[in-house]
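A closer look at the structure
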Amino acid sequence: MVGVNSLRLFARLAAIGAAVSAAFAGPPGGAAESAPATAGTREIVGRLGPNRFATPTNQILTPAGLQVDLPGLRPQALALSPDGRLLVTSGRTHELVVLDPATGRIRQRVPLPAEKTPNAGVSTAMSSGGAPDTEGELSYTGLVFSPDGRRIYLANVNGSIKVFGVAENDLVTALASFPLPPANMPRRKAEVPAGLAVAPDGRRLYVCGSLSNHLFELDAGSGAVLRTWNVGMVPYDVVLAGRKAYVSNWAGRRPDAGSVTGGTGDGPRIRVDPVRFIASEGSVSVVDLRKGGRQARPLKQKSEILVGRHASALALAPGGRHLVVANAASDTLSVIDTRHDRVVETIWTRQNPADLFGASPNALAFDAAGDRLYVCHGTQNAVGVVAFHPGESKLLGLIPVGWFPGAIACDAARRTLWVANVKGVGAGGEEQPGGKPAHNSKQYHGTLSLVPVPSAAELAADTRTALANLRYPRLAAAAEPARAGQPPRPVPERVGEPSVFRHVVYIIKENRTYDQVYGDVAEGDGDPTLCVFGERITPNQHRLVRQFALLDNTYCSGILSADGHEWADSAFATDYLERSFAGFPRSYPDGMGDHDSDSLAYSPAGFLWDNALAHNRTLRVYGEFTTAHAAWRDPAREGEPKFLDHYRDFVNGTDTIRRWSEPTIESLRPYIDAATVGWDLAVPDVFRAAQFIRELRQFEQTGAFPNLAIVCLPNNHTSGTGPGSPTPAAQVADNDLALGQIVEALSRSRFWRETCIFVIEDDPQAGWDHVSGYRTAALVISPYTWRRQTVSTPYNQTSVVRTIEQILGLPPMNQFDAAADPMFDCFTETPDFTPFAALPSNVALDELNPPRAKVKDKLLRGLAAASARLDFSRVDACPEETLNRILWHAMKGSAAPY
């Protein structure tokens, strides 16, 4: 179906698109901009054709040059040998991948060297054969060759430096593992090494200790720590220039007594802005290497240079006069004069400095002459080409590459660029073999791009392609001023025009794909063989899609809860968050844990609630971005309340348990309902629904229902099949009933005529889908929803955020929500005020998994034992592959092939 509003919008975009592109794309002669997808067409996320992919963030990928597929890998670090004969990459993997830089052919996959005793030498490691470590070594960033090309050093987030040798025949072997001094943080002891640099003589290795906020000097042969310096907060990269070391600090200077601070997970607190509590600065520490002696003790840095937010990659220009810093959360590059150690130029990486945030420059490389600087624009899926002339530098254009470029190397001899695309083509982007495909969001598929350096004419054409791929004209359309005299519509065409809605309720659930829930709905594009929580388990969700609208082409933008909640609440994932997939060494910033507040993970453009509050909209939050607490009211009673305790206490109204929440991010403190809780799978969702409905009744008395209410309903995550916990069917049924109860209460309230409800999962990781690993179960519920329709227009979490903004009169926050399609096709201008009637559950909500001894089936008994060992107290703490198998067989039986 095609919505009238969508056609009107797309016609307007088509009219302005060419003019906007031409204004920024350089001279004519390149490929014309692609027209926006027609509303109602079935364009899906994934491979669209040869070298063309759609992402779940509205962007298209058409990578230039040769693509090297790295299925299962998120490549986050890249290095070219000094002689240009080897290229190496690593990231979220257990190996070092060695390639031929001329052809892209993979020459070797070298397992990482095993951990050794402290300060073990290279010779000791070699004698042991360098057996691979099985504990899961991961690279955050930091991969370098020695100056003679005979050694490779890789930073391992689990507290060590991995060392490899390069033979005369270019064969790479694992040599040693250098342990770093422990960081000794309250929860994490191991250091988190990041950027690396090797002294010109190859004898010393410099390592950024991003958890302890130190720069380490190591003996490059033995790994012995020679000296240690204090630097700024969360050091990222290090570059040597003469007798100085420059260290970029992702989180800026160390806080002082007057600083407002925020958390960084397991690390020390950092400076944040006092309104939104988001990381507020970056810096560069300058270390004088002539001072400090040989003692391994903290020393004071020579000076510190304030630059932009998320100061990350560093690149020293040939000749050493200028150092460039990538400020990923400011969309700028800072140019430092190394003679005077001051910033002499700030280069914008946006097409226009007035554009919304959204380039995320995070990796840098100079050409041999030093007059071209290549910049990875992570969230624009492109490499920026900068004419580098300090004081007069200019962004010349963009080269389209893969999804989130995060490392780059310039092969001057071959006039080519190598780019590591961290997310590559996304989950399920690869070609599928015969048979039915089944995709999961955690099927990582990174890529490397081998790109010839373009001519001026080629760069102009590349720029037009890159801008079309990221839907750049939409930024101008999103900024168009409101028009006077417009009638109220469900979703206004422009921000500031009237809506029929005054209230939005945004419900965020946990971890389901479309097929898992709606695969049995004949009206949509479902695969019933992948449906595990169908109509018997989720009767309310099935009634809702039949009475309102079935969205069968809507996607989560993230992969798991850490980035899923960021996409759902801010329509963005930062460079820091994307790199954190290397084991999440500092935090798991889903917003629900007891210590995962991490100000570096938050978008510098803010959250949806920041946007609402800044524009004088009222707000109430029920569990989202809060930490849950529960305790017996009787202090003499021992042990923590379990699920059955919570359930019986709620059903019987005995009030023996006190439940409360605290905000994960301080900006939410005045707006949370502290009587409800977010992530705590022991607390039933029907309790959360009751807390929301309790306040709804109070709002009905006062008429003061908030403009924006955000509700966390997490229990469809499930707790596996461990004995004594609710069955997966019971927890999903609990979640389904709670949703039905909230919708029924709203539809029978005085606010129904002016209320729109959006429901989406935070991520789809805990299941399979035949279309895309990102496709999810989503709902749009209101009197103006186009009822009993199947809406196949491609939408995602950024579309939900953009639609909420459009309804509430909020401008977009960043380039993702600005470029997103408002969900026009879900609405009609003719209302139907019929209320919704919730259906009772078909499953007893207190149905518990039986004791293991009573499970007769051998496979199910083994999975119950595995479930009992999993940690469900923290978000995503259990291995997802294990949980997916448990849920599959729990719902389909042991005979169903996984």
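Residues numbered from 1 in each chain as written. Predicted model: local features only at pLDDT ≥ 70, side-chain atom pairs only at ≥ 80, totals over all residues. Heavy atoms only, no water.

Let's shift gears to the pairing of strand β16 (residues 225–230). Bridge analysis of strand β15 (residues 214–219) against β16 gives five bridges, and the strand direction is antiparallel. Bridge pairing links E217 to R227 in β16. Where β15 folds back on β16, the antiparallel hairpin that results is connected by five residues, among which G223 adopts a positive phi of roughly 85°. (Pairing = 2+ DSSP bridges. Helix = DSSP H or I, 4+ residues; strand = E, 2+ residues; numbered from the N terminus.)

Okay, the packing of aromatic side chains next. Across all of its chains, the model carries 28 aromatic pairs by this definition. The interplanar angle of 55° and the centroid separation of 6.0 Å between the aromatic rings of W403 and Y774 together place this pair among those described as tilted. Here Y774 lies in the loop between β41 (755–761) and β42 (778–781) and W403 lies in strand β31 (residues 403–411), a separation of 371 residues in the sequence. A residue is classified by how much of its surface remains accessible, and W403, at 4% relative accessible area, is buried. (Phe/Tyr/Trp six-rings, centres within 6.5 Å; stacked < 30°, edge-to-face > 60°. Buried < 20%, exposed > 50% of the residue type's maximum accessible area, 1.4 Å probe, protein only.)

Another point: the pattern of salt bridges. Taken as a whole and assessed by the stated rule, the structure comprises 39 salt bridges. Between E754 and R502 there is a salt bridge; the shortest N-O distance is 3.6 Å. In this pair, E754 sits in the loop between α12 (728–747) and β41 while R502 sits in the loop between α4 (473–478) and β34 (503–509), placing the two residues 252 residues apart along the sequence. The class of R502 is partly exposed, set by a relative accessible area of 45%. Among the charged side chains, a salt-bridge network with shared partners connects R253, D256, R271 and E281. (Salt bridge = Lys/Arg side-chain N within 4 Å of Asp/Glu carboxyl O.)

This part takes up unusual backbone geometry. Positive phi, normally seen in glycine, also occurs at T718, with a value near 75°. Of note, the phi angle at R788 is positive, near 55°, even though the residue is not glycine. Locating R788 in the fold gives a position in the loop between β42 and β43 (789–791). Look at R788 and you get exposed, because its relative accessible area is 55%.

Closest axis-to-axis distance for the helix α11 (residues 685–702)/α12 pair is 8 Å, and the angle between their directions is 10°. Overall, the two elements α11 and α12 adopt an arrangement that is roughly parallel. Taking contact as the criterion, the partners of D685, V686, A689, F692, I693, L696 and R697 in α11 are, on α12, D734, N735, L737, A738, Q741, I742, A745 and L746. Of the residues that constitute the contact of α11 with α12, the class distribution is ten nonpolar, two polar and three charged. (Axes fitted to C-alpha atoms, helices over the stretch in contact; angles between N-to-C directions. Parallel < 35°, antiparallel > 145°, perpendicular 65-115°, else oblique. Contact = heavy atoms within 4.5 Å. Nonpolar A, V, L, I, M, F, W, Y, C, P; charged D, E, K, R; others polar.)

Read from one edge to the other, the open sheet built from four strands follows the order β23-β24-β25-β26, with strand pairing classed as antiparallel. In this open sheet, the two strands that pair with only one neighbour each are β23 (311–316) and β26 (342–348). Strand after strand, the sheet turns through a mean of 25° between neighbouring axes, direction not considered. Pairing analysis gives six bridges linking strand β24 (residues 322–327) to strand β25 (residues 332–337), with the strands arranged antiparallel.

With that settled, the discussion passes to the nonpolar core. Judged by nonpolar contacts, the single largest core of 77 residues is most densely connected at Y206, L215, Y506, L708, F758, I804 and F827. Looking at this core element by element, the count peaks at five residues for helix α13 (residues 797–808). Sequence-distant contacts of Y206, that is, excluding residues within four places in its chain, are made with G195, L196, A197, A199, L215, F216, E217, R227, W229, V238, L240 and L289. In this structure, I693, L696, L737 and L746 belong to the second largest nonpolar core, which totals 51 residues. (Core = buried A, V, L, I, M, F, W, Y, C linked by side-chain atoms within 4.5 Å.)

Moving on, we get to α13. Between its first and last C-alpha, α13 extends 17 Å over twelve residues, near the 16 Å set by a 1.5 Å rise per residue. Burial within α13 is extensive, with twelve of its twelve residues counted as buried. Every buried residue belonging to α13 is among Q797, T798, S799, V800, V801, R802, T803, I804, E805, Q806, I807 and L808, and all of these are buried. Following α13 by one or two positions, G809 has its phi on the positive side, about 75°. (Expected span 1.5 Å × (residues − 1).)

Further remarks concern the packing of helix α6 (residues 539–547) against α12. Put simply, α6 and α12 touch, their axes get as near as 7 Å, and they point 45° apart. Accordingly, the angle class assigned to the pair α6 and α12 is oblique. Where α6 abuts α12, its residues P539, N540, Q541 and L544 lie against N735, D736, L737, L739, G740 and V743. Taken together, the residues that form the contact of α6 with α12 break down as five nonpolar, four polar and one charged.

Turning to the confidence of the model for the chain, a few remarks are in order. Per-residue confidence for the chain gives a mean pLDDT of 90; residues scoring 70 or more make up 91%. Overall, residues 1–40 carries pLDDT values under 50, and its contacts beyond four positions in sequence, including any with other chains, amount to 76 contacts. Note that residues 117–136 has pLDDT below 50 and, in this model, 38 contacts with residues that lie over four places away or in other chains. (pLDDT = per-residue confidence, 0-100.)

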